[in-house]
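Each chain, written out:
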Amino acid sequence: MKLKPCILDEYSKERSTAPLVKPHNFMHQDDYLVLEDESGRVKLGGTMLSPSVYVTGVVIALHGKETTAGDFFVEDVLEAGLPPQIERPLQSREDKYVVFVSGLSVGSGASNPLQFQLLVDHITGHLGDEEEQGLAADIVHLVIAGNSVEISRGLLNGQNLASKDQSRLSEPIKELDILLTQIAASLPLDIMPGSNDPANFSLPQQPLNRCLFPGSATYNTFRSCTNPHCFELDNIRFLGTSGQNINDLTKYSEAKDKIDFLERTLRWRHLAPTAPNTLGCYPFTDRDPFLIDSCPHVYFVGNQEKYETRLLKGSEGQLVRLICIPRFYETGVAVVLNMRNLECHALTFGTQFSS
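Residues numbered from 1 in each chain as written. Predicted model: local features only at pLDDT ≥ 70, side-chain atom pairs only at ≥ 80, totals over all residues. Heavy atoms only, no water.

A. Region of the structure containing the domain arrangement of the protein chain. Once the domains are mapped, the protein chain shows domain 1 (7-78) and domain 2 (97-348). A straight line from the C-alpha centre of domain 1 to that of domain 2 covers 32 Å. At the interface, 11 residues of domain 1 touch 11 residues of domain 2. Carbon and sulfur atoms supply 59% of the area that domain 1 and domain 2 bury against each other, a total of about 1000 Å² over both sides. Three residues stand out in domain 1 for area buried against domain 2, namely Phe-26, Val-53 and Val-55, and they jointly supply 40% of the buried area on that side. Linking domain 1 with domain 2 are zero salt bridges. Here domain 1 and domain 2 share two residue pairs in polar contact (both at pLDDT 80 or more) between them. When the residues that make up the side of domain 1 that touches domain 2 are grouped by side-chain class, the tally is six nonpolar, five polar and no charged. (Domains from an automatic or database assignment. Contact = heavy atoms within 4.5 Å. Buried area = accessible area lost by both parts, 1.4 Å probe. Salt bridge = Lys/Arg side-chain N within 4 Å of Asp/Glu carboxyl O. Polar contact = N/O pair within 3.5 Å; in protein donor to acceptor, adjacent residues only side chain to side chain. Nonpolar A, V, L, I, M, F, W, Y, C, P; charged D, E, K, R; others polar.)

Shown next, in the form of structure tokens:
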């Protein structure tokens, strides 16, 4: 990829003439694909593979022949495909809902505290008519998929903080804890770290420290989780991230919709193919924690521009609900999934101030 930034350019004596802009996508029409293993690498030719679909790190099998130029002419492609899936339990008669939200960004200038309070009041059954409260009573779980707080970057400059700055730094987390305590008092919740949260940078991100949540952590319904996060409810398998893996794919490949990237990672059986090339990850030597061995029933990704969903059907009868969860502070949208039939809808909270 000729447009992909190179760390060495920052240190080269002769400054490059290329403009130092940060394009949101590094694709170029001259990009080409290379097949590589321990024995060597070979350039790929033919029209079967498009460089705009693949990224560095995807494992595939290719069938073809060598050309006189020394390239490999691809005639057929075999991807891993969707992994095997444990059978979904027989459909229950009861509706049970799981709510997903991400990008709360408590503490940022753009976030609206009233909007989040409305969400809290709704899922704890303090808002709406009898029908709405009946729906709220069927919510069995809440998942917060990353970027829950926004801490002022200006304060983190390596200097010792004055006491007033220290309290400004902890204010967003205190505010978040107060709201999470209201939720934890009535239903189980999982909170995952995101790229802006006070957690380690590289994937897999470790759980947010419980001491950040003195109020909500006293409840056994409160669970601080890793990112990526995998869990089961009533034999339905959930898998999701806070968005870093998909956001990185958007820089080095192209798709019509964000949801296509989710589908690709499942078909490649890998959550984060671009790690460690362009996405920071911990150096594992004996295993790859991002491999998808068992196909989830629900695959969600947080901190996206808009709400998107798709029901993906595999060749061996697998059925996966894909969900892009939008940033709440921008859209006011949470996502509700019915575990009975894997149907899914958006829940929108808006506030208007009359002058």
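B. Summary view of the sheet that holds strand E6 (residues 139-145). Taken in spatial order, the six strands make up an open sheet running E8-E7-E6-E5-E14-E15, and their pairing is mixed. If you trace the sheet from one side to the other, it starts and ends with strand E8 (222-224) and strand E15 (343-348), each paired once. Geometrically, the sheet is characterised by an average inter-axis angle of 20° between neighbouring strands, direction not taken into account. When strand E5 (residues 97-101) meets E6, the two strands line up parallel, connected through five bridges. Of the residues in E6, the one forming a bridge with Val-98 is His-141. (Pairing = 2+ DSSP bridges. Helix = DSSP H or I, 4+ residues; strand = E, 2+ residues; numbered from the N terminus. Axes fitted to C-alpha atoms, helices over the stretch in contact; angles between N-to-C directions.)

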